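# Close look at the chain arrangement
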Amino acid sequence: MTSSSFRHVFPANGSVFREGDAGDCAYIVERGRVEIRGDVDGKSVVLATRGAGEMFGEMALIDRKPRTASAVAIEECELLVVSHEQLTAYLDQADPIMKMLLGVILERFRSTLKALREGSFANGDLASAETADSERELARQHGNAVERIKLVQELEEALEKDQFELHYQPLISMSSPEVYGFESLIRWRHPERGLVSPALFIPAAEQSGLIVPIGRWTFRQACRAMSGFREAVDGADSFSGKLAIGVNISGREFSEPGFLNGVSDGIDEFGIDPGYVTLEITESLLMDKPEVAAIALDKCKDLGVRVAIDDFGTGYSSLSYLHRFPIDILKIDQSFVGSMLHDDGSREIVNSIVSLARGLRMRIVAEGIEEQDQHTALRDLGCNYAQGYLHSRPLPGEQATAFLQEWYGAARGA
Ligand code: C2E
Ligand code: CA
Ligand code: CA
């Protein structure tokens, strides 16, 4: 046998591996043919033949169990070696559900083979502690993946049965006694679990692609609510007639070809001024595919909608990119706001974000304001809008309307 670390040549009748060997690599046949053999009822049986371009020995590589068959060159063969490291690099990138399915298929295949051989694997290696560990790990992955699959199915059902609702958190102007607008935040009214937080289902919706129809529903619903809010306070003396609505948009939606059509349809249907619609996106959305983001953002500009970067300061924005994108608003992440009064580092970060935003002529929202002192400090630094529990928690539609009416009623009476 001649060999290098990635190419082996086997003579006719040469053994490539034997049943029970450690499965540390797979092979691709470059030239020649290989027989895969196994013992059935004490007799060596040919299970398969592999020729040029075909792979074998990959099973043991994927689940790291001993070889369950032997491979013999039936003529001189040249084989390419696929290492465990190469394969795991691919597997690591694979979707967790695909990984789980692969594990299940391998497990089923092995148990079929085992049954076929009438218990010849019942003891020995397969009963080892290592095998028990890997089976427990497989069961755990299986459990997680099954939970994920169930969640995605439930989300699909939720969309069909209209179980999502939007809540609205006010954004207060720092320089005048005005409600600048609301951020819409999705919730899932689960028939048994009650109100479910977006943190528990948005990641699964993003991964499965369901975020696209959910996002379409959300945007339309936010536009509908906005026209209702405006009507509810229209005519109040101190109401300027301006009210903004923010909608969270995930990367998957943003890169969807029909996304901007959905935005312009919602705006047209409810007669919303696009200048008061803010799409909240994240830094990672910009940085992952800057060219795609730049094109989509230009189209947003053409539509006249605003764009805000959410959770600013927590991602990995390259400042050199920031000025190239048409961004209107930076939302300072609540983690900095929460600690700025007792942590010099956070205060300095907030300071820097504010001067950066001002330099780039962007407006600034401070998120997560829970205390009056935070509000005052952020206003003094030059933030434009305040959002947080100090002013209001996110409210269901009717309560958001009442909040506005009370605000402008009180302002009118003042
Ligand atoms: P986000 O966009 O950063 O939204 C702000 C979150 O902070 C909201 O959590 C809000 O309830 C919470 N919050 C507001 N003020 C305060 C405060 O003073 N203190 C504290 N501790 N928290 C405050 P929520 O509603 O649970 O949403 C979590 C995340 O889920 C959102 O973070 C957003 O990333 C995502 N999300 C929510 N709705 C949607 C949606 O319609 N579409 C998409 N794609 N994502 C959404
Ligand atoms: Ca947001
Ligand atoms: Ca945020």
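Thresholds, definitions, all that
What you see as residue numbers is a count from 1 along each chain, following the sequence as written. Note on labels: chains are lettered from A, ligands numbered from 1, in written order. Local features in this predicted model are restricted to residues whose pLDDT is 70 or higher, and side-chain atom pairs enter the listing and the counts only when it is 80 or higher, whereas totals over whole chains, interfaces and linings include all residues. The basis for every side-chain value is the complete set of heavy atoms in the structure, and neither hydrogens nor water enter the calculation. Note on ring pairs: Phe, Tyr and Trp rings are taken, using the six-membered ring of Trp, and paired if centres are within 6.5 Å. Classes follow the plane angle, with under 30 degrees stacked, over 60 edge-to-face and the rest tilted. A run of DSSP states H or I qualifies as a helix once it reaches four residues; a run of E qualifies as a strand once it reaches two. Both are numbered from the N-terminal end. With a 1.4 Å probe rolled over the protein chains alone, any residue whose accessible area is under 20% of its type maximum counts as buried; one over 50% counts as exposed, and the rest are partly exposed. Throughout, near means a residue has at least one heavy atom within 4 Å of the molecule or strand. Definition of a polar contact: a pair of N or O atoms within 3.5 Å, with one able to donate and the other able to accept a hydrogen when the atoms are protein atoms, and with sequence-neighbouring residues admitted only if both atoms are side-chain atoms. Computed with a 1.4 Å probe, the accessible areas rest on the Shrake-Rupley method; for each residue, only the protein chains presented here act as cover. Detection works on a 1 Å grid of protein atoms alone, calling trapped sets that fit a 1.4 Å probe cavities and calling open sets with protein on both sides within 12 Å along at least five of seven lines pockets, with lining residues defined by an atom within 4 Å of a point. What decides whether a molecule sits in a cavity or pocket is whether more than half of its atoms lie within 2 Å of the grid points. In this classification, Asp, Glu, Lys and Arg are treated as charged, Ala, Val, Leu, Ile, Met, Phe, Trp, Tyr, Cys and Pro as nonpolar, and every other residue, Gly included, as polar. For Na, K and Ca the donor cutoff is 3.2 Å, while for all other metals N, O and S atoms count as donors only within 2.8 Å; water does not appear among the atoms, so some sites may look incomplete. By definition here, a helix of n residues has an expected span of 1.5 Å times n minus one. Basic side-chain nitrogens of Lys or Arg form a salt bridge, by our definition, when they fall within 4 Å of a carboxyl oxygen of Asp or Glu. Grid points are joined across faces, edges and corners, and a volume is the space filled by probe spheres set on the points. Per residue, pLDDT measures the predictor's confidence, with a range of 0 to 100. Note on contacts: a residue pair is in contact if any heavy atoms of the two residues lie within 4.5 Å.

## Some points on the packing of aromatic side chains
Within the structure shown, the criterion is met by 13 aromatic pairs. When the centroid spacing of 6.3 Å and the interplanar angle of 25° are considered together, the rings of Phe17 and Tyr27 count as stacked. Separated by 10 residues along the polypeptide, Phe17 in strand β3 (residues 15-17) and Tyr27 in strand β4 (residues 25-31) bring together distant segments of the chain. Across the pair, exposure class does not vary: Phe17 and Tyr27 are buried alike. Pairing Trp188 with Phe201 gives two aromatic rings, centres 5.7 Å apart and planes at 80°, and the pair type is edge-to-face. Taken together, the residues Trp188 in strand β11 (residues 179-190) and Phe201 in the loop between β12 (194-196) and α5 (202-208) connect sequence positions 13 residues apart.

## Considering the site of ligand 1
Among the 22 residues in the neighbourhood of ligand 1, the closest are listed as Arg187, Asp310, Gln334, Glu370 and Tyr389. The side chain of Gln334 places a nitrogen or oxygen atom 2.9 Å from an oxygen atom of ligand 1. Backbone polar atom of Tyr389 to an oxygen atom of ligand 1: 2.8 Å apart, as the coordinates give it. Compared with its free state, where it exposes 800 Å², ligand 1 has 80% of that area covered by protein. Most atoms of ligand 1, that is more than half of them, are within 2 Å of grid points of the largest pocket. Secondary structure elements with two or more residues in the shell around ligand 1: β11, α6 (211-233) and β15 (306-312). No other element matches β11, which puts 4 residues into the shell around ligand 1. In terms of residue class, the shell around ligand 1 is built from 8 nonpolar, 7 polar and 7 charged.

## Topic: the coordination of the calcium ion (ligand 2)
Taken together, Glu183 (OE), Asn248 (OD1), Glu280 (OE) and Asp310 (OD) make up the protein donors of the calcium ion (ligand 2), found 2.2 to 2.3 Å from the metal. In primary-sequence terms, the residues that donate to the calcium ion (ligand 2) follow E-x64-N-x31-E-x29-D. The metal-metal distance between the calcium ion (ligand 2) and the calcium ion (ligand 3) is 4.1 Å, with Asp310 serving as a donor to both. You can see Glu183 sitting in strand β11 and its partner Asp310 sitting in strand β15, a full 127 residues away along the chain. The class for Glu183 is buried, based on a relative accessible area of 3%. Classification of Asp310 as buried rests on a relative accessible area of 9%.

## Focus: α6
The terminal C-alpha atoms of α6, which comprises 23 residues, lie 32 Å apart, in line with the 33 Å expected from a rise of 1.5 Å per residue. Positive backbone phi, approximately 95°, marks Gly235, located one or two places after α6.

## Details of unusual backbone geometry
Despite not being glycine, Asn13 shows a phi value in the positive range, around 70°. Mapped onto the fold, Asn13 is located in the loop between β2 (7-10) and β3. By relative accessible area, Asn13 is classed as exposed at 61%. Its identity as a non-glycine residue notwithstanding, Asp311 has a phi of 50°, on the positive side.

## Considering the pattern of salt bridges
Overall, the coordinates contain 15 salt bridges when judged by the stated rule. Between Arg37 and Glu35 there is a salt bridge; the shortest N-O distance is 2.8 Å. Assessed through its relative accessible area of 15%, Glu35 is described here as buried. Ionic pairing is found between Glu269 and Arg220, a salt bridge with its closest N-O pair at 2.7 Å. Residue Glu269 is located in helix α8 (residues 259-269), and its partner Arg220 is located in helix α6; the two are separated by 49 residues in the primary sequence. By relative accessible area, Arg220 is classed as partly exposed at 37%. Here the residues in one salt-bridge network are Arg7, Glu30, Arg31, Glu76 and Glu78, joined through shared partners.

## Comments concerning the coordination of the calcium ion (ligand 3)
Geometry reference: four tetrahedral donors at a metal, ideal angle 109.5 degrees. Six octahedral donors, ideal angles 90 or 180 degrees. Protein ligation of the calcium ion (ligand 3) involves Asp310 (OD), Asp311 (OD), Glu367 (OE) and Glu367 (OE), the donor distances falling in the range 2.2 to 2.6 Å. Here the donor residues of the calcium ion (ligand 3) share one chain and are spaced in sequence as D-D-x55-E. Given the relative accessible area of 6%, Glu367 is considered buried.

## So, empty space enclosed by the protein
A full pass over the atoms with the stated rule returns 1 cavity of 30 Å³ or more. Computed from the structure, the largest cavity encloses a volume of approximately 80 Å³. Lining the largest cavity we find 13 residues, and of these Leu171, Tyr180, Gly246, Thr278 and Glu280 sit closest to its centre. Elements supplying a minimum of two residues to the lining of the largest cavity: β11, β13 (244-248), β14 (277-282) and β16 (329-332). Taken together, the residues of the lining of the largest cavity break down into 8 nonpolar, 2 polar and 3 charged.

## Here we look at the confidence of the model for the protein chain
Averaged over every residue, the pLDDT of the protein chain is 87; residues scoring 70 or more account for 90%. Within the model, pLDDT remains below 50 along residues 120-127, and this stretch shows 9 contacts once partners closer than five positions in the same chain are excluded.

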